[in-house]
Amino acid sequence: DTAVSQTPKYLVTQMGNDKSIKCEQNLGHDTMYWYKQDSKKFLKIMFSYNNKELIINETVPNRFSPKSPDKAHLNLHINSLELGDSAVYFCASSQSYISQPQHFGDGTRLSIL
Amino acid sequence: QKEVEQNSGPLSVPEGAIASLNCTYSDRGSQSFFWYRQYSGKSPELIMSIYSNGDKEDGRFTAQLNKASQYVSLLIRDSQPSDSATYLCAVNSGNTGKLIFGQGTTLQVKP
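Residues numbered from 1 in each chain as written. Chains lettered and ligands numbered in written order. Predicted model: local features only at pLDDT ≥ 70, side-chain atom pairs only at ≥ 80, totals over all residues. Heavy atoms only, no water.

So, about the confidence of the model for chain A. Of all residues in chain A, 98% attain a pLDDT of 70 or more, and the chain-wide mean is 94. The element-level mean pLDDT for chain A is lowest in strand S6 (residues 53-57) of chain A, coming to 92, with strand S3 (residues 19-25) of chain A highest at 98. (pLDDT = per-residue confidence, 0-100. Helix = DSSP H or I, 4+ residues; strand = E, 2+ residues; numbered from the N terminus.)

Here is the structure:
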């Protein structure tokens, strides 16, 4: 059983397109996150939701919009994709947002042509 | 100044040796510290969490925290080739669950 699962694993698309990445966790955790890992392997938080409420909203272009329909799901929609959006996007979850370790999904590798 | 700093390496150790990975952080208010291991092309995997000063041991891994010096380290005893990976230090910032990651240290364990 995969604890934090993301779909798709790979996403290859052209500049200007709109795409979505889905994430689901079956750990019963309250908090979910989106991270971006760039080509230099630097991992940076983008958003987090706690029980469907937005908690962290980092300085991210407003082309990126997260949505959490329930506490087990957190999706990421990206409009008007740009070359610089190419990266690996990781979803993570934790029991709560206070001092709890975060568990990562397998990642979605996004490549913009 | 980077918020969480690690030596990018690579750190090369022979099989069976102790690998010592270091991390410094800038936020004196940080309370939670984590070490993750990331194999190439894979996701970060939690190895250790530490919250108070001193040492915490789990199998071959020992995390050490010194809040006064703003320093956290990870020791891997009896290093194995399978330990070869990038080790990420993560430190909490504020009370929103935000983690700041270092750039990672690449460890190579040579047979």
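For the structure shown, the criterion picks out two disulfides over all chains. At a sulfur-sulfur separation of 1.9 Å, the disulfide partner of Cys23(A) is Cys91(A). The disulfide joining Cys23(A) to Cys91(A) has a torsion of about -80 degrees about its S-S bond and is therefore left-handed. Taken as a pair, Cys23(A) in strand S3 and Cys91(A) in strand S9 (residues 87-94) lie far apart in primary sequence, 68 residues in all. Cys91(A) matches Cys23(A) in its accessibility class, with the two residues each being buried. Put simply, Cys23(B) and Cys89(B) are joined by a disulfide, and their sulfur atoms are 2.1 Å apart. Measuring the twist about the S-S bond at about -70 degrees, one finds the Cys23(B)-Cys89(B) disulfide to be left-handed. In this pair, Cys23(B) sits in strand S3 (residues 19-25) while Cys89(B) sits in strand S9 (residues 85-92), placing the two residues 66 residues apart along the sequence. Each member of the pair, Cys23(B) as well as Cys89(B), is classed as buried. (Disulfide = S-S within 2.5 Å. Buried < 20%, exposed > 50% of the residue type's maximum accessible area, 1.4 Å probe, protein only.)

A separate point is the layout of surface pockets. All names here are of chain A. Roughly 510 Å³ of internal volume is contained in the largest pocket. Those elements giving two or more residues to the lining of the largest pocket turn out to be S9 and strand S11 (108-112). For the lining of the largest pocket, the leading source of residues is S9, giving three residues. Taken together, the residues of the lining of the largest pocket sort by class into five nonpolar, 14 polar and six charged. (1 Å grid on protein atoms, 1.4 Å probe; cavity = no way out; pocket = protein on both sides within 12 Å on 5 of 7 lines; lining within 4 Å. Points joined across faces, edges and corners; volume = space filled by probe spheres on them. Nonpolar A, V, L, I, M, F, W, Y, C, P; charged D, E, K, R; others polar.)

Here we take up the interface of chain B and chain A. With 19 residues of chain B at the interface, the matching set in chain A holds 21 residues. Taken together, the two surfaces of chain B and chain A that pack against each other cover about 1,600 Å², and 56% of this comes from carbon and sulfur. Among the residues chain B hides against chain A, the three largest losses belong to Thr96(B), Lys98(B) and Phe101(B). Together they make up 28% of the total. Remark: the boundary between chain B and chain A carries one salt bridge. Note that Glu58(A) is salt-bridged to Lys98(B), the shortest N-O span being 3.0 Å. Here the side of chain B that touches chain A takes three residues from strand S4 (residues 33-38) of chain B, the largest share from any one element. Of the residues contributing to the side of chain B that touches chain A, the split by class is eight nonpolar, nine polar and two charged. (Contact = heavy atoms within 4.5 Å. Buried area = accessible area lost by both parts, 1.4 Å probe. Salt bridge = Lys/Arg side-chain N within 4 Å of Asp/Glu carboxyl O.)

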